[in-house]
Amino acid sequence: MTTSNPFFEPSDLPYALPPFARIRNDHFLPAFTRGMADQRDEVAAIGAATEPATFENTVEALERSGAVLGRVCRVFFNKVAADTDDEIQALEVEIAPLLAAHADLLLLDPALFRRLDALYEQRDVLGLDEEQLRLLERHHTHRVRAGARLAPEQRQRLRELNAEIAALSTEFSQNLRAATAAAALVLDRAEELTGLPADRIAAAAEQAQALGHPGKFALALKNFSCQTELAALEDPALRERLLAASLGRGLDSNGPIAVSLARLRAERAALLGYPSHAAWEVADRTAGTTAAVEELFGRLVAPAVANAEREGAALAEAAGVAKIGAAHWQYYSERVRKERFDLDAAALRPYLELDTVLHDGVFHAAGLVYGITFTPRPDLVPYHPDARIYEVHDADGSPLGLYIGDFHARESKRGGAWMDSLVAQSKLLGQRPVVVNNLNIAKPPAGEPVLLSWSEVNTLFHEFGHALHGLFSDVRYPLLSGTQVPRDFVEFPSQVNEMWADWPEVLAHYARHHVTGEPMPAELPARLREAEKFGAGFRMVEHQAAAVLDWAWHTLSADGDIPGEDEAAAFEAAALERYGLAMAAIPPRYRTAYFAHIFVDGYAAGYYGYRWAEVLDADTVRWFRKNGRTIRESGEIFRRELLSRGGSVDPLAAFRAVVGRDAEIGPLLERHGLTGGRTHGRAD
């Protein structure tokens, strides 16, 4: 058994890339079983040691523990998200509560905590360097926040709550995958899709074939509310059907689960001494307090709604109606953009071919800013044939890591776009990073080009920003590696990277016609930037509506008015009304029943973080543009002071090391056509 399971030993492939060619589904459970047992023994040995606690025999020993479990977890949960099947989903249900219990063991073990607590109390006289001190503080904080100081009976209840939450989150995820697949619209004739580009109609035919409907056409749902096809479909009845399918998915199955998760999280927060789950979460984030988040909402909601109402009036006029409906907002928005700015979104797509955008845009920008290069590695086997692997080298030619791009939608992949780490950088463990970007771009028939929308281009640059955060990590300890930063900070580097999508030098390098090679007409980028401003109100409102839904669910108190299991929709409506965001024409970007960010993916009470991080992002973009340095010089500062540091420093201190001051909200307000702006010490 020692060598038969590929997870039992470190990979001998370059950069310790998991040996996907050897990994089978039946390897996972034995690896989880052994991995948890090994780490239990390792933690027990640390806690039972008779010699006094030292940084090396306690904190570093803890960082070295769990090697087998770490390897299998990274591969398994990447597979759950990107290439699942019935067997994997069944195993996920089985393993989720076991992993929750194992996490509790690590966080609540009394003997281990006594040693960590002793070190923490004398941390100022241990002679630790900055990163070691940060690591000790993070391990100690994690355990205190997780309940290590609770009485034994309280810790037992906490374990029960964590197991229930883990099981329900898994159930929510699997329900959502099934509901999203079931809600796909299957159509009989291509003519019903009039308005969509030819390649997207061909992709719909491929999708129908994959769903078992040969000769038909399928519109599969993306993970957000307002489906992208709403901007192009000519048939208003079909637009209504598509939006209804999107908004209605999962309510029966996931509405009760959302209520249960909110109730359990509220009880857990109370047990830990907090008034709500949101209060518990933000206490360890850069926001610090729920009041700071509420202040951000207060500053953004009213001007965003006013902006959206002006946009809605213009759309109603264009449509010749008194009020525009939600299903038709995007359709008429495209027509107003075309009329006002002479810009047809469909006309951009021939200039935005995936491989060209990736190699001559995303990779080229990374070379300009950071000096890194990318080399295809077709000799290395990825976890799915759609994925492609690149070796990344630094400016001096030294090896940096591996980048895996997996860009196409498929039945085995969940919706959305994300970054994962298959190997976390760590000097302690001698590991260089292996990172993955996943998108969900429709795959056209074989031999046809993959043409992107401008939104998909931005998403690719965004997710690559997360990848750079992982690739540039230069820390000693795994807990502090890469994107292991507060949830309301982690989106900051990725949002900064979006700036390069329309940076003139970068855009000119990749925006070329996929047939003729002609560059995008020079006037289009300027018109694109102007057109983007129209629609800022819509984008801000739909995002803020989702953020306040998350906030409403997670500011519930355990002894407060928790809704009933059949009251999720009513609770949602009341929350939007309370925050002034009940706009029938602009649904939240995510409704409760398909809000995987907050009920599955760790963003509970954290969806506000996209806007919170955008304050930092917009201010940093201004710094890049106006600091008087070259792009390359600025990139080195951003990498050295922030991207490479992971969680080894206070994140806002890293921001100040780059920009030279606290963040200002003015650039964010200006970006979205809003008003106001003052300096904020906490980047709010």
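Residues numbered from 1 in each chain as written. Predicted model: local features only at pLDDT ≥ 70, side-chain atom pairs only at ≥ 80, totals over all residues. Heavy atoms only, no water.

Engineer: I tried to follow the overall build of the protein on my own but got confused; where do I start?
Structural biologist: Helix and strand counts for the protein stand at 26 helices and seven strands. For the protein, the spread of C-alpha atoms along the principal axes amounts to about 80 × 60 × 55 Å. Taking all 684 residues of the protein together, 57% fall into the buried category. Sequence separation of 24 or more characterises 75% of the internal contacts of the protein that already satisfy a separation of 6 or more. Taken as a whole, the protein presents about 26700 Å² of accessible surface, with 52% of it coming from carbon and sulfur. (Helix = DSSP H or I, 4+ residues; strand = E, 2+ residues; numbered from the N terminus. Buried < 20%, exposed > 50% of the residue type's maximum accessible area, 1.4 Å probe, protein only. Contact = heavy atoms within 4.5 Å. Areas by Shrake-Rupley, 256 points an atom, 1.4 Å probe, with all protein chains shown as cover.)

Engineer: Whenever I open this one, the pattern of salt bridges confuses me. Can you help?
Structural biologist: Note on pairing: side chains with opposite charge can pair once their charged atoms come close. In this structure the tally under the stated criterion is 45 salt bridges. When the shortest N-O distance is used, the salt bridge between Lys-222 and Glu-229 registers 2.4 Å. Glu-229 gets classed as buried once you look at its relative accessible area, which sits at 11%. Of the charged contacts in the structure, one is a salt bridge between Arg-656 and Asp-662, with a shortest N-O distance of 3.0 Å. (Salt bridge = Lys/Arg side-chain N within 4 Å of Asp/Glu carboxyl O.)

Engineer: Is there a simple way to think about the sheet that holds strand β4 (residues 388–393) in this case?
Structural biologist: Taken together, the five strands give an open sheet; going across it, the order is β3-β4-β5-β7-β6, and neighbouring strands pair in mixed fashion. Edge strands, defined here as strands with exactly one partner in the open sheet, are β3 (373–376) and β6 (418–423). For this sheet, the mean angle separating the axes of adjacent strands, direction not counted, is 30 degrees. Sheet analysis places strand β5 (residues 399–408) next to strand β7 (residues 434–441), joined by six bridges and oriented parallel. Following the sheet pairing, Ile-404 is matched in β7 by Val-436. Lying on the sheet, helix α15 (residues 354–370) is in contact with β3, β4, β5 and β7; it crosses β4 at an angle near 20 degrees. Relative to β7, helix α16 (residues 454–471) is tilted by about 165 degrees, and along the sheet it contacts β3, β4, β5, β6 and β7. (Pairing = 2+ DSSP bridges. Axes fitted to C-alpha atoms, helices over the stretch in contact; angles between N-to-C directions.)

Engineer: Help me out: how do you make sense of the nonpolar core in this one?
Structural biologist: Buried together is how nonpolar side chains tend to be arranged in soluble globular proteins. If you look at the biggest cluster of nonpolar residues, it comprises 159 residues, and the most contacted ones within it are Leu-193, Tyr-403, Phe-461 and Tyr-510. Among all residues touching Tyr-510, those that are not within four sequence positions of it are Tyr-351, Leu-352, Thr-356, Val-357, Asp-360, Gly-361, Trp-454, Val-457, Phe-461 and Ala-501. Within the second largest apolar cluster, 33 residues are counted, among which are Phe-32, Phe-76, Val-80 and Ala-387. (Core = buried A, V, L, I, M, F, W, Y, C linked by side-chain atoms within 4.5 Å.)

Engineer: What's the story with helix α1 (residues 28–48) in this structure? I'm lost.
Structural biologist: Helical periodicity: at 3.6 residues per turn, an α-helix aligns residues three or four positions apart in one direction. Over its 21 residues, α1 runs 30 Å from end to end, which matches the ideal 30 Å to within 8%, given 1.5 Å per residue. Every buried residue of α1 is accounted for by Phe-28, Ala-31, Phe-32, Gly-35, Met-36, Gln-39, Val-43, Ile-46 and Gly-47. Seen along its axis, α1 keeps its buried residues to an arc of 125 degrees; they face one direction. More than 90 degrees from the buried face of α1, the exposed residues found are Asp-41 and Ala-48. Packing partners of the buried residues in α1 comprise α2 (55–64), α3 (67–82), α4 (86–108) and α5 (110–121). (Expected span 1.5 Å × (residues − 1). Arc of directions from axis to C-beta.)

Engineer: Can you walk me through a negative patch on the surface in this structure?
Structural biologist: On the surface, Asp-561, Glu-565, Asp-566 and Glu-567 cluster together to form a negatively charged patch. On the secondary structure map, Asp-566 appears in the loop between α20 (536–554) and α21 (568–578). For Asp-566, a relative accessible area of 70% corresponds to the exposed category. (Patch = residues over 30% accessible without salt bridge, like charges linked within 9 Å, V, L, I, M, F, W, Y side chains within 5 Å. Lys, Arg positive; Asp, Glu negative; His and termini not counted. Charge placed at Lys NZ, Arg CZ, Asp CG, Glu CD.)

Engineer: What's the story with the environment of Glu-567 in this structure? I'm lost.
Structural biologist: Within the fold, Glu-567 resides in the loop between α20 and α21. Residues Glu-567 and Val-259, 308 residues apart in the sequence, show an inter-C-alpha distance of 8.1 Å.

Engineer: Would you mind showing me how to read unusual backbone geometry here?
Structural biologist: Most peptide bonds are trans, and most residues other than glycine sit at a negative phi. The backbone of Tyr-15 shows a phi angle near 60 degrees, a positive value even though the residue is not glycine. With phi around 55 degrees, Ala-16 is a residue other than glycine that occupies positive phi space. With respect to the helices and strands, the residue Ala-16 is situated in the segment before α1. Residue classification places Ala-16 among the partly exposed positions, given a relative accessible area of 32%.

Engineer: What exactly am I supposed to notice about the packing of aromatic side chains here?
Structural biologist: To describe a pair of aromatic rings, one takes the distance between the centres and the angle between the planes. On inspection of all chains with the given rule, the structure shows 38 aromatic pairs. Between Tyr-331 and Tyr-332, the aromatic rings sit 5.1 Å apart at their centres with planes inclined by 85 degrees, giving edge-to-face as the arrangement. Given the relative accessible area of 8%, Tyr-331 is considered buried. Of the aromatic side chains, those joined through ring pairs into one cluster are Phe-489, Phe-492, Trp-500, Trp-503, Trp-623, Phe-624, Phe-638 and Phe-655. Sitting over the ring of Phe-8, Arg-34 keeps its end group 4.3 Å from the ring centre. (Phe/Tyr/Trp six-rings, centres within 6.5 Å; stacked < 30°, edge-to-face > 60°. Lys NZ or Arg CZ within 6 Å of the ring centre and 35° of its normal.)

Engineer: Can you walk me through the side chain of His-597 in this structure?
Structural biologist: Note on placement: His-597 falls in helix α22 (residues 596–599). A polar contact is formed between the side chain of His-597 and the side chain of Tyr-610, at a distance of 3.4 Å. (Polar contact = N/O pair within 3.5 Å; in protein donor to acceptor, adjacent residues only side chain to side chain.)

Engineer: Sorry, what's going on with the packing of α1 against α5 here?
Structural biologist: To characterise two packed helices, one gives the angle between the axes of the helices and the distance between these axes. Relative orientation of the contacting elements α1 and α5 amounts to 55 degrees, with a least axis distance of 8 Å. Taken together, α1 and α5 sit at an angle that is classed as oblique. In terms of crossing hand, the pair formed by α1 and α5 is left-handed. When α1 is examined against α5, the residues Val-43, Ile-46 and Gly-47 are found in contact with a partner set consisting of Ala-111, Leu-112 and Arg-115. (Parallel < 35°, antiparallel > 145°, perpendicular 65-115°, else oblique. Left-handed = near helix turned anticlockwise from the far one by under 90°.)

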